[in-house]
Amino acid sequence: MASSPILATSLPQKQPTTSSPAGGFRLPPPPEKLAILLDKSESVDLIKQIHAAILRHNLFLHPYHPVLNLKLHRAYASHGKIRHSLSLFHHTIDPDLFLFTATINTASINGLRDQALLLYVQLLSSEIIPNEFTLSSVLKSCSAESVQAIHTHVLKFGLALDPYVATGLVDVYARGGDLVSALKVFDRMPERRSLVSSTAMITCYAKQGNVVAARALFEGMPEIERDIVSWNVMIDGYAQHGFPTEALRLFQKLLSEGNPKPDEITLVAALSACSQIGALESGRWIHLFIKRSRRIISVNVKVCTALIDMYSKCGSLEEAVSVFNDTPRKDTVAWNAMIAGYAMHGYSQDALRLFGEMQGTVGLQATDITFIATLQACAHAGLVKEGVRMFESMGQEYGIKPKIEHYGCLVSLLGRAGRLKQAYEIIKKMETEADSVVWSSLLGSCKLHGDFVLGKEIAEYLIGRNITNSGTYVLLSNIYASESDYEGVAKVRSLMKEKTIVKEPGVSAIEVDDRVHEFRAGDRNHLQSREIYTLLRKLSERIKSCGYVPDTNAVLQDLEETEKEESLQVHSERLAIAYGLISTQPGSPLRIFKNLRVCSDCHTVTKLISKITGRKIVVRDRNRFHHFVDGSCSCGDFW
Ligand SMILES: [Zn+2]
Ligand SMILES: [Zn+2]
């Protein structure tokens, strides 16, 4: 039985015959000696023997007992015997401040938050005045709700300037996302702010996407004090808030400084940055770095999953599969990443096959993320029957309640297959209110299948209810344009102006020689701009001679408002492709990354370019990958 140590009073009373250090005392052992033994104790058995000796010799009456008791508490806690150390507290008559504080701290750092707070209340009612260690211990258990009460105590007991307490406060406020309060405490901290509080503040800024403030604080820290945690927070902050290039730059800086050494978390953040901008070469370099640093970096399933994700998102599905196959003890997250990889590349059958294998693997349970990936696989391939069955099985067989993302996939699947009414019914019956993404998807399908009546009805409903994004307006404008209703187009435009809706500009990127080159529509900022445009003109003539007629309708249908104002020829992906053609070896594949969907005209042109240049062109757009080879695309023109 895992009895509480205090029950050891019922231990046999006969004198121990062993000569063990603690049990061997026939006379009352000197408490000071027991204290030294406790400090050195390396096993729980020995601690228990000492505990038994204390009880047997009634040492709890000794004036030195409080010190001994505290050491006993610490010894149990340091050996992971949390229940023993807490029980010791509960059996101590008149615990002093030190035992209170130690016990609150033990409870806090072991996640027993409620117990820690209760102990603190008990301390206050015993009229003991808490000190800085008590408050910094209790702060570790505070939530965003309870922190204000403790903050009041901090002020009341005059501990606001104590660095430990202030660090604790900054940490709780920062964790709860209360930037204003966190900053208030942080700014008042005495001269030397601790690494912990600075890191907490950086985390808080980064979480809120204020990377500029985070970076300023990071740069303000003495270099010698920055540990890998603060670097990680900063690199990850950039990666998670739309500054992947900055994240990679900072990662480079960390490597060039040589100290501290990157750990698994740093690498996962850097890989995530690579996948966002399609920096395949940088991603491969990090992979190599990981292989070379096996001794200091554990290549765990998290790192492998980040590699799978990076390779799939950077367009190299083959390498993603190879990492997946070599990953030991794959967990659900790793499987999900691989299924999603297959799905986004349009290898829907492989995604579904892997899903089947996952079902047959003991210890793995499909999650809501698994279903987003498999539903996307169905949507990308137009597998209506499979998709609907998958969606139904989610709730019926797996007990997973569909979220808005799942509905989004289903609506897109049905809509693209022309089952507009059915998709519309699903949106209306959804438990959660549809967001602008789901609506835009249906609206896009209305346009695709020429159902302008339903399309207009939906768009006007959305605009009326303010559930819109810039895409909704553009789609509505396109629908009017397709019907040559220019009054309607003008109406939408003025609405957009009135509501100051700004269309997200299209940006395409290509990585050449370890550098990512970005292009916007009609961009002339690139150093090789002249060559790019010359090549585009030549290509245009050649593809026209192949029978290509520009899809002028695509100018109207295009999702990109800014790009629409330019001619089709200078859509951002075409600039990136042209740059790729002049700056890489003939025959080598091109990988382009675009933040928005590829328009139908660019899709046709890219197919033709792949044919006349003999290049494989991989384009990742907002939704998926297109592999253009010899005049056709892996999406089968269904995207
Ligand atoms: Zn285009
Ligand atoms: Zn395609």
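Keep in mind that this is a model prediction, so the values were computed, not measured.

Caption draft 1: Representation of the sheet that holds strand β4 (residues 617-620). Here 6 strands make up an open sheet; going across it, the order is β2-β1-β3-β4-β5-β6 and the pairing mixed. At either margin of the open sheet sits one strand with a lone partner, and together these are β2 (515-520) and β6 (632-633).

Caption draft 2: View of the domain arrangement of the protein. Per the domain assignment, the segments of the protein are domain 1 (423-498) and domain 2 (507-633). Inter-centroid distance (C-alpha atoms) of domain 1 to domain 2 is 28 Å.

Caption draft 3: Region of the structure containing the packing of helix α14 (residues 244-257) against helix α15 (residues 264-277). Direction vectors running N to C along α14 and α15 enclose 140 degrees, while the axes themselves pass 8 Å from each other. Classified by the angle their axes make, α14 and α15 are oblique. Crossing of α14 over α15 shows left-handed handedness. Taking contact as the criterion, the partners of P244, T245, A247, L248, F251 and L254 in α14 are, on α15, T266, L267, A270, A273, C274, Q276 and I277. For the contact of α14 with α15, the per-class residue count stands at 10 nonpolar, 3 polar and no charged.

Caption draft 4: Spatial organisation of the pattern of salt bridges. Considering all chains together, one arrives at 19 salt bridges under this definition. Here E219 and R215 are joined by a salt bridge, their closest N and O atoms 2.7 Å apart. Pair noted here: E219 and R215 are both in helix α12 (residues 211-220), with a separation of 4 residues, about one helical turn. E219 sits in the partly exposed class, given a relative accessible area of 35%.

Caption draft 5: Highlighting the packing of aromatic side chains. For the coordinates displayed, the defined rule picks out 13 aromatic pairs. Consider the rings of F371 and Y398, whose centres lie 5.1 Å apart with planes at 65 degrees: the pair is edge-to-face. With F371 in helix α21 (residues 368-381) and Y398 in helix α22 (residues 384-398), this pair connects stretches of sequence that are 27 residues apart. Its relative accessible area of 21% is what places Y398 among the partly exposed residues. Aromatic rings pair up to connect F355, F371 and Y398 into one cluster. Between R226 and the ring centre of F218, over which it is positioned, the NZ or CZ distance is 4.5 Å. Across from the ring centre of F324, 4.7 Å away, lies the NZ or CZ of K330, which sits over that ring.

Here is what the cut-offs are and how they apply
Residues numbered from 1 in each chain as written. Chains lettered and ligands numbered in written order. Predicted model: local features only at pLDDT ≥ 70, side-chain atom pairs only at ≥ 80, totals over all residues. Heavy atoms only, no water. Pairing = 2+ DSSP bridges. Helix = DSSP H or I, 4+ residues; strand = E, 2+ residues; numbered from the N terminus. Domains from an automatic or database assignment. Axes fitted to C-alpha atoms, helices over the stretch in contact; angles between N-to-C directions. Parallel < 35°, antiparallel > 145°, perpendicular 65-115°, else oblique. Left-handed = near helix turned anticlockwise from the far one by under 90°. Contact = heavy atoms within 4.5 Å. Nonpolar A, V, L, I, M, F, W, Y, C, P; charged D, E, K, R; others polar. Salt bridge = Lys/Arg side-chain N within 4 Å of Asp/Glu carboxyl O. Buried < 20%, exposed > 50% of the residue type's maximum accessible area, 1.4 Å probe, protein only. Phe/Tyr/Trp six-rings, centres within 6.5 Å; stacked < 30°, edge-to-face > 60°. Lys NZ or Arg CZ within 6 Å of the ring centre and 35° of its normal.

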